[in-house]
Amino acid sequence: MRKLILSFYISLDGKSADGDNGIRDVMTSIDDPEQEKYFVSRLWEAGAFLMGRTTYEIMAGYWPGSDHPSAQAMNEIPKVVFSRTLESADDWPETRIAGGDTAEEIAKLKAEPGKDLVAAGGTAFLHSLIKLGVVDEYRLWVLPAATGKGAPLFPELERPANLRLLKSTAFPSGTLELVYAAADK
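Residues numbered from 1 in each chain as written. Predicted model: local features only at pLDDT ≥ 70, side-chain atom pairs only at ≥ 80, totals over all residues. Heavy atoms only, no water.

Caption draft 1: The overall build of the chain, seen in detail. Across its full length, the chain holds six helices and eight strands. Reading the helices (α) and strands (β) of the chain from amino to carboxyl end gives β-α-α-β-α-α-β-β-α-β-α-β-β-β. With respect to the three principal axes, the spread of C-alpha positions in the chain is 40 × 40 × 30 Å. Buried positions account for 48% of the 185 residues belonging to the chain. Counting contacts in the chain only where the partners sit at least 6 residues apart, residues at least 24 apart contribute 72% of the total. Looking at the chain as shown, the accessible area adds up to about 9500 Å², and 52% of this sits on carbon and sulfur atoms. In the chain, the 20 positive side-chain charges and the 27 negative ones have mean positions that sit 5 Å from each other. (Helix = DSSP H or I, 4+ residues; strand = E, 2+ residues; numbered from the N terminus. Buried < 20%, exposed > 50% of the residue type's maximum accessible area, 1.4 Å probe, protein only. Contact = heavy atoms within 4.5 Å. Areas by Shrake-Rupley, 256 points an atom, 1.4 Å probe, with all protein chains shown as cover. Lys, Arg positive; Asp, Glu negative; His and termini not counted. Charge placed at Lys NZ, Arg CZ, Asp CG, Glu CD.)

If you want it as structure tokens, here you go:
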């Protein structure tokens, strides 16, 4: 059974890289070849990238023509877009649409053979996965900046999400990769 890994950049104060809180500027301004090489190697561990429609539309407009170090992995690894309104995903190779119930679609994907699944973007989409309880592992890329504003990574929860630290990796830029598993998984 494949795991679902939630991978996301956040600020030190736990705000997501979505929106206009300046954290994306911090993310793109960091020059850390060691972290970039490591990040790309982690991308290649994915069996598929999962995302919502909004993130898909942004990424499909960027990655196919990009020469960024992550571009080859982003373009070659299969992608699954969760949307009930998207009619076609032909503008980004290796992409298919999951239009059914999210929990059922995730269960089917987890049951398929292959490498783990990586949910790769969009706070609203990630919140829906957290609320559904389908996330097996959290891979948080903590940036060396606080924003004081923006969406928190975790939505309001009915009960605390107890996590256990599996791994931490620090990079010269001050960026941290923190990997947690749900305590009950």
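Don't stop here, the text continues.
Caption draft 2: Molecular detail of the environment of Asp-136. Tracing the backbone through its elements, the reader meets Asp-136 in the loop between helix H6 (123–132) and strand E6 (137–142). Its relative accessible area of 14% is what places Asp-136 among the buried residues. Remark: the alpha-carbon pair of Asp-136 and Lys-3, spanning 133 residues in sequence, is separated by 5.8 Å. Within polar-contact distance, the side chain of Asp-136 engages the backbone nitrogen of Leu-4 at 2.8 Å. A distance of 2.9 Å separates the side chain of Asp-136 from the side chain of Lys-110, its partner in a polar contact. (Polar contact = N/O pair within 3.5 Å; in protein donor to acceptor, adjacent residues only side chain to side chain.)

Caption draft 3: View of the side chain of Glu-105. Summarising the element assignment, Glu-105 is placed in helix H5 (residues 102–111). Sequence-distant contacts of Glu-105, that is, excluding residues within four places in its chain, are made with Phe-82, Ala-98, Gly-99 and Gly-100.

Caption draft 4: View of the pattern of salt bridges. Applying the stated criterion to the full structure yields 11 salt bridges. A salt bridge links Arg-139 to Glu-45; its shortest N-O distance comes to 4.0 Å. With Arg-139 in strand E6 and Glu-45 in the loop between helix H2 (33–43) and strand E2 (48–52), this pair connects stretches of sequence that are 94 residues apart. A residue is classified by how much of its surface remains accessible, and Arg-139, at 5% relative accessible area, is buried. Taking relative accessible area as the criterion, Glu-45 reaches 39% and is therefore assigned partly exposed. Residue Glu-177 is joined to Arg-139 by a salt bridge in which the shortest nitrogen-to-oxygen separation is 3.7 Å. Linking Glu-177 in strand E8 (residues 176–182) with Arg-139 in strand E6, this pair joins segments that are 38 residues apart in sequence. (Salt bridge = Lys/Arg side-chain N within 4 Å of Asp/Glu carboxyl O.)

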